[in-house]
Structure formats: structure tokens, C-alpha cells
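Spelled out from the first residue to the last, the chains are:
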Amino acid sequence: MNSDTPEAAIPADVLRKWQRIVDLVAGLMHVPSAVVTRLEPPRYTHYRTIVSSDSTGNPFPIDQTFSMDIGTFCETVIKNCEPLLVANALEDAQWQSAPEIGVGMISYLGFPVLWPDGRMFGTICVLDDKTNRYSDVYQEVLAHCRDVLQGDLQTLARLGHELEEQRAHLSELFARVPEAVVMVDRESRITRVNPEFTKIFGYTAAEAIGQRVKHLITPDDLQDEVDSFLHRMVQAREVFAVETVRRHKNGTRVPVSLICVPVSSNGS
């Protein structure tokens, strides 16, 4: 299961879409349960239900976790990477010990769901409490739903790659800017500095990160100035430039031209 491709988180809007799909499938096929499962990284020893139909008699809640060594139907689909149809587990010696029987589900139809690079994501499946051979039409419907899920995963993987590329590009630009760049949080603690910061102020990134700007590089007589600048950025969302003075690690005063820019993070 190892891959250089990161496994994207599934956004809430996509989960809502998938929830609607399983609800429709359960209603269309007249079965008590339709489920999407995910093989859990990083160890892949368990899978989890991430959406489950809101239908009468469904015994599988969202976030229920199953070990990959107990012989469930979905486990078999994941391990074999093939669709599985079990018309009646009670009449098939291979499946008479299937854990699903314990919760009243004796028939199953499931398809593997894959990431774009071929890695296993999980399954989409339906289960019934009575014999069900699932007509060709039903099988085609579930296969189509699987394709919809895989299309969403392809989009998520593409966006993830694009985001990683953008981050790498921005990191390179950050490192190459010929001026000192300091990123701070709302409490003026330094979260990131570029190499030019070290050249100008003498502090390495390890020494600077986590320190407050006002304590690290601001002269004692200009402490209030930092609070004023922070208020303008955080509260007023103001972009501004000022001429001022900061302090080198060796104690000398360094004239600087500050450009202060508020940057949104985590939707704030």
C-alpha cells in the first residue's frame, strides 16, 4: 500500500454527496443497507464505514471499524480487488461464518473503489437480510456509483498534487526573496523565517521560531509599536509600510523598511 502519492482527506461536501448516493441506492434496490468503506491508512489493517445509508434496518453506523482479518465481505473485495456477489451466505459453505450474518445481513453486492493510481480506497456495497441475486441492472447501477466515487477521488488527488506543487513553488520563492521575511501568528510569535532574516538579524530559524517578534528583534523602546502593527494587521486587515528600527542578535540596532501584510490561514 506504500505510495508517494498522499491520500487526500475526503471533504465534507463530497461525503454529503456520497451519503445521498447510498441513500438513493438503498431505496432503489429496496435493501436495508448501502455503505461506502475506506481502508484506513497508514497501516491498512482496518477499514471503516465513512457513509452509510439512512435506511430502516441498516446495522452499520458511520465510523464503524472492521479488522482486515475477520472474513467480512468487504474485506474479501478489498483483498481480491474484485467485485463480490453473495446471494445467500447461509446457503454457501464459503460464507456461513461471515460476520455480517450476525447482524442479519445474508446477501451482499460490493465493488472495490480505487484511487487514481490503482491503490485500494475501499468499497461501495449493498447488503440485504434476505436472499438477493441483484439483477444485472442493479449491478450496473452500483458499478456506476463506484465510477462516480472514483471520479471524485481522481479530482481530489489532482487537487492534492496541485496544492503540493504550489506549496513547493511558494517555499522556493520564500527562500529566495532577497529581503527578510517573517511570518507571525496572531500573538506575534514567529512561525517561519527565510534565510535572509538570518543574514540580517543573526538568528537561525531554529532560534527564531516560537519567539515573539517584540522580544526577539524589537528594541525595548519600540515594544508598543509591535502591538500597534499587529492590531492593524489582525483587526483592521491593513496592508502598510513603515520605516523603523529593529535589533540584531548582537544588540546593535538595524534600520529597516517594514511591509506588513495580513495573510489568511485556516479560513480565518
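(A) Representation of helix 7 (residues 223-234). With 12 residues, helix 7 ought to run about 16 Å at 1.5 Å a step, and its terminal C-alpha atoms sit 17 Å apart, in line with that. Those residues of helix 7 lying buried are Q223, V226, F229, L230, M233 and V234. The arc enclosing the buried residues of helix 7, seen along the axis, measures out at 120 degrees, which places them on a common side. Taken together, the buried residues of helix 7 touch helix 6 (213-216), strand 9 (240-247) and strand 10 (253-260).

(B) Looking closely at the pairing of strand 6 (residues 120-128). The buried fraction of strand 6 is high, at 9 of 9 residues. Sheet topology places strand 1 (residues 33-39) next to strand 6; 6 bridges connect them, and they run antiparallel. By the bridge assignment, V35 is partnered in strand 6 with C125. Sheet topology note: the strand 5 (residues 107-114)/strand 6 ladder contains 8 bridges and is antiparallel.

(C) Geometry of the side chain of H248. Along the chain, the position of H248 falls in the loop between strand 9 and strand 10. Polar side-chain contacts of H248 include one of 3.0 Å to the backbone nitrogen of N250. Every residue in contact with H248, bar those within four places of it in the chain, is listed here: I200, F201, G202, Y203 and V254.

(D) Spatial organisation of unusual backbone geometry. With an omega of 0 degrees, the peptide bond running from P41 to P42 counts as cis. Within the element layout of this structure, P42 appears in the loop between strand 1 and strand 2 (46-52). If you check the backbone angles, H30 has positive phi at about 60 degrees while not being a glycine. Along the chain, H30 falls in the loop between helix 1 (12-29) and strand 1. The exposure class of H30 is exposed, given its relative accessible area of 60%. For C81, which is not a glycine, the phi torsion comes out positive at approximately 55 degrees. Residue position: C81 is located in the loop between helix 2 (73-80) and strand 4 (84-86).

(E) Representation of the packing of aromatic side chains. Taken as a whole, this structure holds 8 aromatic pairs when the rule is applied. Ring centres 5.9 Å apart and planes at 85 degrees place the aromatic pair W18 and F121 in the edge-to-face group. On the criterion of sequence distance, the pair formed by W18 in helix 1 and F121 in strand 6 is long-range, its members being 103 residues apart. We note that W18, like F121, is buried. Relative to W95, the ring of F73 has its centre 5.2 Å away and its plane inclined at 65 degrees; by these criteria the two rings are edge-to-face. Linking F73 in helix 2 with W95 in the loop between strand 4 and strand 5, this pair joins segments that are 22 residues apart in sequence. Residues F73 and W95 agree in their burial class; the two are buried.

Conventions adopted
All residue numbers here refer to positions counted from 1 along the written sequence of the relevant chain. Confidence filtering applies because this is a predicted model: local features only for residues at pLDDT of at least 70, side-chain atom pairs given and counted only at 80 or more, and all residues used for totals across whole chains, interfaces and linings. In computing side-chain values, all of the structure's heavy atoms are included and hydrogens and water are not. Each helix corresponds to a stretch of at least 4 residues labelled H or I by DSSP, and each strand to a stretch of at least 2 residues labelled E; elements are numbered beginning at the N terminus. What a helix is expected to span follows from its residue count: subtract one and scale by 1.5 Å. Using a 1.4 Å probe on the protein chains alone, a residue whose accessible area is under 20% of its type maximum counts as buried, one over 50% counts as exposed, and one in between counts as partly exposed. Here, the arc refers to the directions that run from the helix axis to the C-beta atoms. When checking whether two residues touch, look at their non-hydrogen atoms; a contact exists if any pair is within 4.5 Å. Pairing between strands is defined by DSSP: at least two bridges between the two strands are required. For the purposes of these results, a polar contact is taken to be a pair of N or O atoms within 3.5 Å, where, inside protein, one atom must be able to donate a hydrogen and its partner to accept one; residues adjacent in sequence count only when each atom of the pair is a side-chain atom. Side-chain rings of Phe, Tyr and Trp, where Trp is taken by its six-membered ring, are said to pair if the distance between their centres is within 6.5 Å; with planes under 30 degrees apart they count as stacked, over 60 as edge-to-face, and otherwise as tilted.

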